[in-house]
Amino acid sequence: MGESLHTNVKLETKLVFLHFHYKPYGVILEHSKNKLRPFFNIDNPNELKALAGKNRLADFILQGETAYMERFLQKNSFRFSGLIDKLSEVGVTDSQSLWAS
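Residues numbered from 1 in each chain as written. Predicted model: local features only at pLDDT ≥ 70, side-chain atom pairs only at ≥ 80, totals over all residues. Heavy atoms only, no water.

## A closer look at the overall build of the protein chain
Turning to step 1, where the next piece is worked out: When helices and strands are counted, the protein chain shows four helices and zero strands.
Turning to step 2, where the next piece is worked out: The helix and strand sequence of the protein chain, counted from the amino end, reads α-α-α-α.
Turning to step 3, where the next piece is worked out: Within the protein chain, the proportion of its 101 residues that are buried is 19%.
Turning to step 4, where the next piece is worked out: Of the contacts formed within the protein chain by residues at least 6 apart in sequence, a portion of 48% connects residues at least 24 apart.
Turning to step 5, where the next piece is worked out: Surface summary for the protein chain: the accessible area is close to 8,500 Å², and the carbon and sulfur share equals 54%. (Helix = DSSP H or I, 4+ residues; strand = E, 2+ residues; numbered from the N terminus. Buried < 20%, exposed > 50% of the residue type's maximum accessible area, 1.4 Å probe, protein only. Contact = heavy atoms within 4.5 Å. Areas by Shrake-Rupley, 256 points an atom, 1.4 Å probe, with all protein chains shown as cover.)

So this is what it looks like as structure tokens:
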């Protein structure tokens with residue numbers, strides 16, 4: 001059950017909000033490219049490398065999937081195993097919509 005800053009009244013709903021900081025690599029790669037494309041020539045390796053360490057989206061593109069996934073093996077990362085199954089149980093059937101933006 002969520003809480004509001006504006007009232008102490010609690011109302012139980014079927015609303016669920018999930019905020020993901022990290023996405024599957026294929027999705028983060030596509031989103032990063034789309035967000036950078038209007039401002040940089042992402043097909044120019046030199047221009048992309050010039051952003052290294054200054055722009056997390058460029059870093060996602062440059063580091064590759066293996067390095068990206070290694071960050072989740074660190075001790076302060078966790079997995080929410082069964083999340084897609086639990087969402088399916090409550091009627092969310094399109095897991096791709098989770099990564100829409």
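## What about the nonpolar core?
Turning to step 1, where the next piece is worked out: Counting 11 residues, the largest nonpolar core is built from Tyr25, Ile28, Leu36, Ile42, Leu48, Leu51, Leu57, Ala58, Phe60, Ile61 and Tyr68.
Turning to step 2, where the next piece is worked out: Broken down by secondary-structure element, the contributors of at least two residues to this core are helix 1 (25–36) and helix 3 (56–70).
Turning to step 3, where the next piece is worked out: Per element, the largest residue contribution to this core is five residues, and it comes from helix 3.
Turning to step 4, where the next piece is worked out: Ile28 has contacts with Lys23, Phe60 and Tyr68, leaving out every residue within four places of it along the chain. (Core = buried A, V, L, I, M, F, W, Y, C linked by side-chain atoms within 4.5 Å.)

## Examining the packing of helix 1 against helix 3
Turning to step 1, where the next piece is worked out: The geometry of helix 1 relative to helix 3 is characterised by a closest axis approach of 9 Å and an angle of 165 degrees between their N-to-C directions. By the angle between their directions, the pair helix 1 and helix 3 is classed as roughly antiparallel. In this structure, the crossing between helix 1 and helix 3 has a hand that is left-handed. Counted together, Tyr25, Ile28, Leu29, Ser32, Lys33, Lys35 and Leu36 of helix 1 and Leu57, Ala58, Phe60, Ile61, Gly64, Glu65 and Tyr68 of helix 3 form the full contact between these two elements. (Axes fitted to C-alpha atoms, helices over the stretch in contact; angles between N-to-C directions. Parallel < 35°, antiparallel > 145°, perpendicular 65-115°, else oblique. Left-handed = near helix turned anticlockwise from the far one by under 90°.)

## Quick word on the packing of aromatic side chains
Turning to step 1, where the next piece is worked out: In total, this model carries two aromatic pairs according to the counting rule given.
Turning to step 2, where the next piece is worked out: Look at Tyr25 and Tyr68: their rings are 5.3 Å apart centre to centre, the planes differ by 50 degrees, and that puts the pair in the tilted class. Note that Tyr25 is positioned in helix 1 and Tyr68 in helix 3, a separation of 43 residues in sequence. In terms of burial, Tyr25 and Tyr68 fall into one category: buried.
Turning to step 3, where the next piece is worked out: With centroids separated by 5.6 Å and ring planes inclined at 90 degrees, the aromatic side chains of Phe60 and Tyr68 adopt a geometry described as edge-to-face. Summarising the burial analysis for this pair, Phe60 and Tyr68 share the class buried.
Turning to step 4, where the next piece is worked out: Cluster of aromatic residues (ring-pair linked, three or more members): Tyr25, Phe60 and Tyr68. (Phe/Tyr/Trp six-rings, centres within 6.5 Å; stacked < 30°, edge-to-face > 60°.)

## Remarks on the side chain of Asn55
Turning to step 1, where the next piece is worked out: Here Asn55 is to be found in the loop between helix 2 (45–50) and helix 3.
Turning to step 2, where the next piece is worked out: Overall, Asn55 belongs to the buried group, its relative accessible area being 19%.
Turning to step 3, where the next piece is worked out: Among the polar contacts made by the side chain of Asn55, one reaches the main-chain amide nitrogen of Leu57 at a distance of 2.8 Å. (Polar contact = N/O pair within 3.5 Å; in protein donor to acceptor, adjacent residues only side chain to side chain.)

## A closer look at helix 3
Turning to step 1, where the next piece is worked out: End to end, helix 3 covers just 16 Å across 15 residues, shorter than the expected 21 Å (1.5 Å per residue, more than 12% under).
Turning to step 2, where the next piece is worked out: Maximal helix bending in helix 3 amounts to about 115 degrees, located at Gly64.
Turning to step 3, where the next piece is worked out: Along helix 3, the positions that sit buried rather than exposed are Leu57, Ala58, Phe60, Ile61 and Tyr68.
Turning to step 4, where the next piece is worked out: Here the buried face of helix 3 lies against helix 1 and helix 2.
Turning to step 5, where the next piece is worked out: At the N-terminal end of helix 3, a side-chain oxygen is found 2.8 Å from the backbone nitrogen of Leu57, two or three residues along, and the residue is Asn55. (Expected span 1.5 Å × (residues − 1). Bend = angle between axes of the 7 residues up to and from the residue.)

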